[in-house]
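Survey of secondary and tertiary structure
Okay, here's what each chain looks like letter by letter:
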Amino acid sequence: MVLTAAVVALSVALSVRKTEQNSIKNTYAACPRNWIAFGNKCFYFSEYSSNWTSSQAFCMAQEAQLALIDSLEELNFLRRYKGIFDHWIGLHRESSEHPWKWTDNTEYNNMIPIQGVEIFVLLGDSGLISSRDDINRHWICSKSSSYTLQCKELKQFCCHWRCGVIMITVLTAAVVALSAALSVILGKKLQEKLPKIVSPESPAKLYCCYGVITVLTAAVVVLSVALSVRNTEQISIKNIYATCPRNWIGFGNKCFYFSEYASNWTFSQAFCMAQGAQLARIDNQEELTFLGRYTWSSSHWIGLHRDSSEHTWRWTDGTKYMYLVLIRGEENCGFLSDRGLSSSRDYINRKWICSKSSSYTLLCQ
């Protein structure tokens with residue numbers, strides 16, 4: 001009876017596992033530190049310059065390639081973030097008579113024309129330009145999101161862990177029930193009332209019960225060990241970064257949205273809140289550098305504000321600004337420009353930046 005109940009419970013657990021796997025949300029890129037998530041890819045922008053061949057070797061050492069560009073959205077993102085420098089990308093050809101190919105050997109679809117007659121390609125202000133290999137330039141690496149490789153493992157972990165808990169609970173209950181039954185059966189009172197259940201003539205039944213308890217106890221121990229191993233795997237799975245909605249950019253453990261239009265500070269904050277976010281909060285120098293590089297051509301509202309020049313600067317969540325850098329001006333709303341952080345009146349129209357924490361931690365709830 002107890003074993004039948006265990007089988008039923010395990011069947012239910014497996015069906016729950018299947019349902020949970022189907023309910024986990026689809027998200028986007030999860031990238032290593034200092035890489036930027038866009039769409040389902042991770043991009044790395046070099047701080048140094050080298051020739052095309054050395055740049056490709058560097059990318060391959062990071063398990064990546066010189067950047068492959070699959071859409072105009074990616075192209076526009078890369079052109080905006082690259083700043084004033086030209087960057088090598090993964091297009092090349094053997095000669096002017098051969099077709100352009102990416103570093104993974106797929107042919108270029110002529111998304112936009114490539115200027116020039118050389119055999120290696122860079123991304124410049126005017127688009128894609130061919131060049132000789134021996135000129136030193138910055139470069140861009142790209143690789144598919146590691147999340148797509150770990151998502152299946154994460155789903156399996158979540159569901160296996162929950163099923164394992166159910167299994168251990170059922171098996172522990174079975175062990176307790178059988179142990180209690182044996183203690184009662186071996187009692188004098190029950191031995192007198194039910195001499196046929198346990199008697200000197202039927203020791204095999206007693207040994208059988210002991211055997212079942214031993215097997216179930218071993219099963220509980222094995223499952224507990226297995227769960228502890230899976231818990232270790234969870235730690236390695238979580239050591240990745242942002243998973244962001246479409247048209248948001250992942251950096252560190254946050255997602256950032258850069259507006260295409262301009263408005264005042266109050267409207268900009270209202271827009272961000274409607275997206276489940278806030279006007280951007282900047283927590284460290286790395287984030288400030290990233291945002292400054294992406295917004296260098298125009299100023300953007302961020303989440304800094306104060307009641308008056310006599311009050312403390314605060315973020316939109318109410319926390320005090322820790323003066324990562326000084327804020328220029330005497331007004332009450334903060335914005336980011338190529339000069340750093342400055343203050344302005346609320347009613348001036350500017351573009352804006354929203355930020356929110358990565359949705360990755362919500363995937364297994």
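I will try to describe carefully the structure that is included in this document.

Basis of the calculations
Residues numbered from 1 in each chain as written. Predicted model: local features only at pLDDT ≥ 70, side-chain atom pairs only at ≥ 80, totals over all residues. Heavy atoms only, no water. Helix = DSSP H or I, 4+ residues; strand = E, 2+ residues; numbered from the N terminus. Contact = heavy atoms within 4.5 Å. Polar contact = N/O pair within 3.5 Å; in protein donor to acceptor, adjacent residues only side chain to side chain. Buried < 20%, exposed > 50% of the residue type's maximum accessible area, 1.4 Å probe, protein only. Arc of directions from axis to C-beta. Disulfide = S-S within 2.5 Å. Patch = residues over 30% accessible without salt bridge, like charges linked within 9 Å, V, L, I, M, F, W, Y side chains within 5 Å. Areas by Shrake-Rupley, 256 points an atom, 1.4 Å probe, with all protein chains shown as cover. Salt bridge = Lys/Arg side-chain N within 4 Å of Asp/Glu carboxyl O. Core = buried A, V, L, I, M, F, W, Y, C linked by side-chain atoms within 4.5 Å. Pairing = 2+ DSSP bridges.

Let us now look at the environment of Asn264. Of note, Asn264 is situated in the loop between strand S11 (254-258) and helix H7 (265-274). For Asn264 and Trp301, which are 37 residues apart along the polypeptide, the C-alpha to C-alpha distance reads 8.3 Å. Contacts of Asn264, omitting those with residues within four sequence positions, involve Trp301, Asp346, Tyr347, Ile348 and Asn349. At a separation of 3.2 Å, a polar atom in the side chain of Asn264 contacts the main-chain amide nitrogen of Thr266.

Residues spaced three or four apart along an α-helix face the same direction, because each turn holds 3.6 residues. By the burial criterion, the buried members of helix H3 (residues 72-81) are Glu74, Leu75, Phe77, Leu78 and Tyr81. An end-on view of H3 places all buried positions within 165 degrees of arc, on one side of the element. Positioned one or two residues after H3, Gly83 has a phi angle of 75 degrees, which is positive.

The next thing to look at is the state of the cysteines. Enumeration according to the criterion identifies four disulfides in this entry. Linked covalently through their sulfurs, Cys59 and Cys141 form a disulfide whose S-S length is 2.0 Å. With the S-S dihedral at roughly -80 degrees, the linkage between Cys59 and Cys141 falls on the left-handed side. Residue Cys59 is located in helix H2 (residues 52-61), and its partner Cys141 is located in strand S9 (residues 138-144); the two are separated by 82 residues in the primary sequence. As far as burial versus exposure is concerned, Cys59 and Cys141 are alike and both buried.

A cluster of nonpolar side chains, contributed by Ile84, Phe85 and Trp296, occupies part of the molecular surface with about 340 Å² of accessible area. Along the chain, Phe85 turns up in the loop between H3 and strand S4 (87-92). On the basis of relative accessible area, Phe85 is assigned to the partly exposed category, the value being 43%.

What follows concerns the nonpolar core. Grouped together as the largest cluster of nonpolar side chains are 41 residues, with contacts concentrated most on Phe77, Ile89, Leu91, Leu128, Phe290, Ile302 and Leu341. Beyond its immediate stretch of four places on either side in the chain, Leu91 contacts Trp52, Trp100, Lys101, Trp102, Tyr108, Ile114, Ile119, Phe120, Val121 and Leu128. Within the second largest apolar cluster, 14 residues are counted, among which are Cys31, Cys59, Phe120 and Trp139.

With that settled, consider the pattern of salt bridges. Tallied over the entire structure, the rule returns 14 salt bridges. Ionic pairing is found between Arg281 and Asp283, a salt bridge with its closest N-O pair at 2.7 Å. Its relative accessible area of 27% is what places Arg281 among the partly exposed residues. A relative accessible area of 40% means that Asp283 is categorised as partly exposed. A single salt-bridge network, built from bridges that share partners, covers Lys254, Arg281, Asp283, Glu287 and Asp317.

Among the five residues in strand S2 (residues 41-45), five count as buried, and that is most of the element. A two-sided burial pattern is seen for S2, the buried positions comprising Lys41, Phe43 and Phe45 on one face and Cys42 and Tyr44 on the other. In sequence, strand S1 (residues 36-38) turns back onto S2 through a hairpin of two residues, with Gly39 there showing a positive phi of about 60 degrees. In this sheet, S9 lies alongside S2 in antiparallel orientation, the contact comprising five bridges. Counterpart to Lys41 in the pairing with S9 is Ser144.

Before going further, it helps to spend a moment on helix H8 (residues 285-294). Among the residues of H8, those classed as buried are Glu287, Leu288, Phe290, Leu291 and Tyr294. Axial view of H8: buried residues confined to an arc of 165 degrees, hence all on one face. The distance from a side-chain oxygen at the start of H8 to the backbone nitrogen of Glu286 is 3.2 Å, and the residue carrying that oxygen is Asn284.

Coordinates in, geometry out; function isn't part of it.
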